[in-house]
Amino acid sequence: MIPAGFEYHRPADVASALAILTTHGDEARVIAGGHSLIPMMKLRMAEMGHLVDLQDITELKGISVDGDTITIGAMTTQHELITSDALAEAAPIIREAALVIADPQVRYMGTIGGNVANGDPGNDMPGLMQCLDATYILVGPDGMRPVAAREFYEAAYFTAREDEEILTQISIPRPAPGTGYAYEKQKRKIGDYATAASGVMLTVAGGTCTSASIAMTNLADTPIWAEAAGAALVGSDLGEDAITAAIAAAKDAIDPVADNRGPVEFKMHVAGVILRRAIDRAIARAG
Amino acid sequence: MARDEFEAERTTYNFVGTRPDRPDGIDKVTGRARFGADMTAPGMLHAVILRSPHAHAKIVKIDTSKAEAAPGVKAIVTRADFADGLDGENWNILENVMAGDTALYDGHAVCALAATSMLEARDAAKLVEIEYERIPHVTDVDKAMAPGAPVIREGADDGSVPAGMHPNVVRYHESGHGDVEAGFAKADLVLEETFKTEATHQGYIEPHACLGHMGTDGKGELWCCTQGHWNVQKVCAALLGTETSALRVTASEIGGGFGGKTAVFIEPVALALSRKANRPVKLVMPRADVFRATGPTSPASMDIKIGMTKDGTITAAKGVFRLSGGAFPEAPMEFSAMCAFACYDLENVLQMGYDVMSNRPKQAAYRAPGAPMAAFAVESVLDEMCNQLGLDPLEVRLKNAAKTGSKASYGPRFDQIGLVETLEAAINHPHYKAPLAEGQGRGVACGFWFNHGGETSVSLMLSEDGTAQIAVGTPDIGGSRASMALMAAEVLGIPYENIRCVIADTSSLGYNEISHGSRVTYASGLATIKAAKDAVNRMCQRAAAKWGIDPDAVYWEDGYAKPSGPNAGEFDPMHITEITANMGATGGPINGHFEATPEGAGVSFGTHIVDAEVDPETGHTKILRYTVVQDAGKAVHPTYVEGQYQGGAVQGIGWALNEEYIYGEDGSLQNALFLDYRVPVASDLPMIDTVIVEVPNPGHPFGVRGVGETGIVPPLAAIANAVSNAAGVRMRQLPASPPRILAALKDRDAG
Ligand SMILES: Cc1cc2nc3c(=O)[nH]c(=O)nc-3n(C[C@H](O)[C@H](O)[C@H](O)COP(=O)(O)OP(=O)(O)OC[C@H]3O[C@@H](n4cnc5c(N)ncnc54)[C@H](O)[C@@H]3O)c2cc1C
């Protein structure tokens, strides 16, 4: 399998990259780590005349934790997410989720920007970003605009990003101290996309759940932020009734399809099991 | 030479049994090794094969006119460009290499073209217009032999099939001895169960690739990745209608084969295109084509019935094995049948096999073809019987184990064999006694494989500095170059590092059968030893001539010719370098040679222990611990032997838990890529422990038995037993994927 022919560009800053995108419109596409895009090009599911490589743009790299905000540059690799001590301290769920993505080889190359911009429902970061209530910074010919992760995904491979826009940064509100968290994923084996995955963040005060956010991965044609599932926990004592209600709400929100990972009934079942485990672990970690 | 058979008595070795660096290591890690796709030639064209998107369809029309006119296109071939009038297996191979009037499976080659660049070839391929008329298909082995199933090829029955069977059943096998009904009558417990396994692929990382150049005079050169280039030479010559010796075939370095590269798929196509274009043609299979159109194993459906007394003695065993080799008559059902009960010394045994055609690709060998599925079925029933009778599963196997002199379930009497030794080693292994936690289960299983000798030629050439080259004809698929060098070093008495072993091309050595049947270390090894002895003989003669004594009075030891005793005369030992330095003047180059079809391959047995943990909520299985015990006869390079054991276990883990061919309702393959065809990787696995048992094979000078295949026979069974014991429900269908385990648990709970 070889991709169709294309022109290769390697700009050194965002402005030059935007200029190339503006010139060629939907004939051009940016490439980050290439670990979603190149397989698609080889399968000829993606064909473009111009490939704009972002790897030399240093302004797109880096992680910073500043007061209440975590900022991650789009070109930060999944490996860098795992090895950042600042991130591990501020939002350890990101390391937990990154560690179950693909395998080390893929994580050395794959970026968070590519992962969230890609729009593949199998990607783990989009659900996680919804769970964390992240905001994506998009820069285009008309300037910069923020879009909430929870609003970004429209359908498989369709997102709120315009063709000429580059996702430059992800900004995440730093979780309150003591927030319980878990990212739980069932996959066929190491290096696979999720059969079902789920991210949970919650806070507890005096035995009562004070906030909860639940997202589900690869169980619909977009990541699913299950607002009602989180709401079912908030105000509860996190007892069996509340958890059962949350799982029921999450199952209502998802819409898996049968594929090589299993039939719909199986996926629904596994989604419930892994969400329960994620909630249990998040509760155990909440302080 | 006086002490010709000295190796036969040999029990201590200087080189054999050591673990030197592999000779191909630096080549492989630096990229110097050349694999199938690494060869180029000036003026080379690139080829693309067009394949049927349908599982079964009449090919109504192939219109190539637009493609012919496309830029860069130099040749297009269809079935008409190959020899006609073939019969037997050559016809079957051609029918698979390029479809005739019917496409027989999803991915069946229909047409091929070559162009000056890969992009042009791909673009032109889109312009070939192929009109199909779909006809009913069947991919499931049981459905393919049921009444009303679409007939794949009328009249393909070879005459062995019992009357009244569906025409898709094309071959029948039956073997055994004693009276099974009488045996079942003596049993305290009789258990009968049905099992199913899906087709799996060998999963080699290197896709098939070749570079062929053939002139209109029918003379040609071919570079390809294969386990057997003499076979490629013979088959290609037949399919192209040229003489065998007109084609020279060179085997590339090989990136995995496991049996799958014993078959010919693309090489005749490259040559046919080349002959038409009169240019070299390179053909590299895309991964999806490798899955769709190169040999997976046969899917299997099996019934096993075993009778046992309360003390664990097997009174009778019966098995029925239905396998499909795709749209071609060649499923290895007789190997399933013959291996099924071979581990046990049975009074009454009967096994039957059915070869069933279906709309799947032509099966190819995969390590011990047919045996792993049979072992899964048989060893599962034994496990269940041990559970029901409250008996230790390894002790029961030991009680019934085949021994030296036992009559094998498939006929002959066993020579010296080592099953008992593997069982004893397993029973005494700390793994077998280790405690298990809640939710964990242990499984054990035994496995058998015949091993093979086969046609073999080897030459050994000495250089004037006393170093040696060995030319073998068996592509190195498991470290055999190291083993050959070690065995030659043992005979010549020179350092391992001073010996280079190469895979000769078809024009520079006599015929060599494919690297299959675990034959290489045994047969090429035996031939290497004999070729080295031949060279030693010649060196002894040179020394004798120099000393003026009878050649019989000279013997060879540790790299020196020595007079055999005081009667022979007083001479200083003569080192190999002294002899080779002057060989041009003392009689000419010194080479050794040996060719034969050695018959004493020596069967092989293994016993595996595995612990697994099953998550009852998600159906997910984790392999916790794995121990392989296998008889190697004599481990020439123990690291490679362990690698073979570990590889067998790992491939078995994939087969047992994840890997399967998934066909859609329309008969097309749903998972023709590694993303959805999941082979285990290192991070999925525990370290696989190995124990090398050495019960010498009397048929080899150093006692070697092949080790390449037996290691994949027990894992399906051992893992299925571990999973069944962990989950508390018998898994009768593989792979035991999470949805299947959950479904089995649900069925059990529903009663
Ligand atoms: C074997 C394998 C297994 C995998 N398993 C998983 C898994 O389990 N979970 C998971 O989440 N992912 C998985 N992946 C995907 C992997 O994480 C990718 O690296 C990631 O999805 C995309 O990141 P990338 O940097 O490689 O993006 P690319 O492949 O370069 O780009 C992906 C898409 O995003 C666009 N894009 C990239 N960057 C930007 C940007 N800054 N602005 C706008 N658009 C942009 C590209 O144009 C393209 O359309 C797997 C990949 C492989 C090969």
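About the criteria used
Residues numbered from 1 in each chain as written. Chains lettered and ligands numbered in written order. Predicted model: local features only at pLDDT ≥ 70, side-chain atom pairs only at ≥ 80, totals over all residues. Helix = DSSP H or I, 4+ residues; strand = E, 2+ residues; numbered from the N terminus. Buried ≥ 20, exposed ≤ 12 C-beta atoms within 10 Å, placed from the backbone. Contact = placed C-beta atoms within 7 Å. Nonpolar A, V, L, I, M, F, W, Y, C, P; charged D, E, K, R; others polar. Pairing = 2+ DSSP bridges. Axes fitted to C-alpha atoms, helices over the stretch in contact; angles between N-to-C directions. Expected span 1.5 Å × (residues − 1). pLDDT = per-residue confidence, 0-100. Near = placed C-beta within 6 Å. Domains from an automatic or database assignment. Arc of directions from axis to C-beta. Core = buried A, V, L, I, M, F, W, Y, C linked by C-beta atoms within 7 Å.

S.K.: Is there a simple way to think about the overall build of chain B in this case?
M.R.: What chain B contains, in helices and strands, is 20 helices and 27 strands. With respect to the principal axes defined by its C-alpha atoms, chain B has extents near 90 × 75 × 50 Å. A total of 751 residues make up chain B; the buried ones form 58% of that total.

S.K.: Is there a simple way to think about the interface of chain A and chain B in this case?
M.R.: Interfaces are often sized by the amount of accessible area the parts lose when they come together. Each side of the interface is counted separately: chain A has 17 residues, and chain B has 20 residues. When residues of the side of chain A that touches chain B are assigned to their parent elements, the largest contribution, four residues, is made by helix H12 (residues 264–285) of chain A. Grouping the amino acids of the side of chain A that touches chain B by side-chain chemistry returns seven nonpolar, six polar and four charged.

S.K.: Which parts of the structure should I look at to understand the sheet that holds strand E1 (residues 7–9) of chain A?
M.R.: Sheet strands pair via backbone hydrogen bonds, and the direction of the pair is either parallel or antiparallel. All names here are of chain A. Strand order in this open sheet of three strands is E1-E3-E2, and the pairing throughout is parallel. Strands at the two margins of the open sheet, each flanked by one partner only, are E1 and strand E2 (28–31). Direction aside, neighbouring strands of the sheet carry axes that sit 25° apart on average. For E1 and strand E3 (residues 50–53), the ladder comprises three bridges, and the chain directions are parallel. When the sheet's bridge partners are listed, Glu7 is paired in E3 with His50. Along the sheet, helix H1 (residues 14–24) makes contact with E1, E2 and E3, crossing E3 at roughly 165°.

S.K.: Which parts of the structure should I look at to understand helix H16 (residues 520–547) of chain B?
M.R.: Two residues of an α-helix separated by three or four positions point the same way, owing to the 3.6 residues in each turn. Taking 1.5 Å of rise per residue, the 28 residues of H16 of chain B would be expected to cover 40 Å, and the 39 Å separating its terminal C-alpha atoms lies within 8% of that figure. The buried fraction of H16 of chain B amounts to 24 of the 28 residues, a majority that puts the element mostly inside the structure.

S.K.: Which parts of the structure should I look at to understand the confidence of the model for chain B?
M.R.: Predicted coordinates in regions of low pLDDT should not be interpreted in detail. With 99% of its residues at a pLDDT of 70 or more, chain B has an overall mean of 96. Overall fold confidence (pTM) sits at 0.94, and the ipTM for the predicted complex is 0.89.

S.K.: Please clarify how the site of the ligand should be interpreted in this entry.
M.R.: All names here are of chain A. As a structural note, the neighbourhood of the ligand is formed by 30 residues, with Ala32, Gly33, His35, Gly110 and Gly114 the closest of them. Elements represented by at least two residues in the shell around the ligand include exactly E2, helix H2 (37–42), helix H6 (104–109), helix H7 (112–118) and strand E10 (166–173). Both domains that meet at the shell around the ligand, namely domain 1 (7–53) and domain 2 (61–173), each give it at least three residues.

S.K.: Would you mind going over helix H4 (residues 118–125) of chain B with me for this structure?
M.R.: Buried within H4 of chain B are the following residues: Glu120, Ala121, Ala124 and Ala125 of chain B. The buried residues of H4 of chain B all sit within an arc of 135° when viewed along its axis, so they share a single face.

S.K.: What exactly am I supposed to notice about the sheet that holds strand E5 (residues 109–115) of chain B here?
M.R.: Residues and elements named next belong to chain B. Taken in spatial order, the seven strands line up as E3-E5-E1-E12-E9-E10-E11 in an open sheet, and their pairing is mixed. The sheet is open, and its two borders are formed by strand E3 (73–77) and strand E11 (247–251), each paired with just one other strand. Each strand of the sheet is rotated relative to its neighbour by a mean of 20°, with strand direction disregarded. Relative to E11, helix H7 (residues 229–240) is tilted by about 145°, and along the sheet it contacts strand E10 (220–224) and E11.

S.K.: What is the right way to read the domain arrangement of chain B from this model?
M.R.: All names here are of chain B. Entries for chain B in the domain assignment read domain 1 (6–33 + 453–596), domain 2 (40–136 + 202–293) and domain 3 (416–448 + 602–749). Summarising the inter-unit geometry, the C-alpha centres of domain 1 and domain 3 are found 37 Å apart. In this assembly, 19 residues from domain 1 lie in contact with 18 residues from domain 3. At the level of elements, helix H15 (480–492) and H16 are the ones that each hand at least two residues to the side of domain 1 that touches domain 3. The dominant element in the side of domain 1 that touches domain 3, judged by the number of residues it contributes, is H16, at five residues. Looking at the side of domain 1 that touches domain 3 residue by residue, the classes come out as eight nonpolar, seven polar and four charged.

S.K.: I'm lost on unusual backbone geometry in this one. Help?
M.R.: The amide bond that connects Leu734 of chain B to the next residue, Pro735 of chain B, takes the cis arrangement and shows omega of 0°. In this structure, Pro735 of chain B sits in the loop between strand E27 (733–734) and helix H20 (738–749).

S.K.: Would you mind showing me how to read the pairing of strand E6 (residues 129–134) of chain B here?
M.R.: Residues and elements named next belong to chain B. The element E6 is largely exposed, with a buried count of zero among its six residues. Where strand E2 (residues 57–63) lies against E6, six bridges are found, and the strand directions are antiparallel. Bridge pairing in E6 links Ala57 to Arg134.

S.K.: Sorry if this is basic, but what is going on with the nonpolar core here?
M.R.: Soluble globular proteins: nonpolar side chains tend toward being buried together. All names here are of chain B. Of all hydrophobic cores here, the largest spans 325 residues; its most connected members are Ala47, Leu113, Val269, Leu273, Ile470, Ala488 and Ile719. Looking at this core, the element that brings in the most residues is H16, giving 14 residues. Residue contacts for Ile470: discarding those within four places in its chain leaves Val458, Leu460, Met484, Ala485, Ala488, Ile499, Cys501 and Thr528.

S.K.: What is the right way to look at the environment of Ser604 of chain B in this model?
M.R.: Locating Ser604 of chain B in the fold gives a position in strand E24 (residues 604–614). When residues no more than four places from it in sequence are discounted, the contact partners of Ser604 of chain B are Trp449, Asn451, Gln630, Asp631, Arg705, Gly706, Val707 and Thr710 of chain B.

S.K.: What is the right way to read the domain arrangement of chain A from this model?
M.R.: Residue and element names in this part refer to chain A. Here the domain parsing of chain A yields domain 1 (7–53), domain 2 (61–173) and domain 3 (180–285). If you average the C-alpha positions of domain 2 and of domain 3, the two centres end up 20 Å apart. Contact with domain 2, which involves 22 residues of that partner, is made by 21 residues of domain 3. Of all elements in the fold, only helix H5 (92–98), helix H8 (125–131) and strand E8 (153–155) reach the threshold of two or more residues within the side of domain 2 that touches domain 3. Broken down by element, the side of domain 2 that touches domain 3 gets its largest block of residues, five residues, from H8. Each residue belonging to the side of domain 2 that touches domain 3 can be placed in one class, and the counts come to 13 nonpolar, three polar and six charged.

S.K.: Which parts of the structure should I look at to understand the environment of Leu238 of chain A?
M.R.: Residue and element names in this part refer to chain A. Within the secondary structure, Leu238 is located in the loop between helix H10 (227–233) and helix H11 (240–253). We classify Leu238 as buried; it has 22 C-beta atoms within 10 Å. With 189 residues separating them in the primary sequence, Leu238 and Gly49 have C-alpha atoms 53 Å apart. Apart from residues lying up to four places away in sequence, Leu238 is in contact with Val204, Cys209, Leu233, Ile243 and Ile283.

S.K.: Hey, could you run me through the environment of Gly159 of chain B in this one?
M.R.: Residue and element names in this part refer to chain B. Tracing the chain through its elements places Gly159 in the loop between helix H5 (141–144) and strand E7 (169–177). For Gly159, a count of 7 C-beta atoms within 10 Å translates into the label exposed. In this structure, the C-alpha to C-alpha distance between Gly159 and Val170, residues eleven residues apart in sequence, is 8.0 Å.

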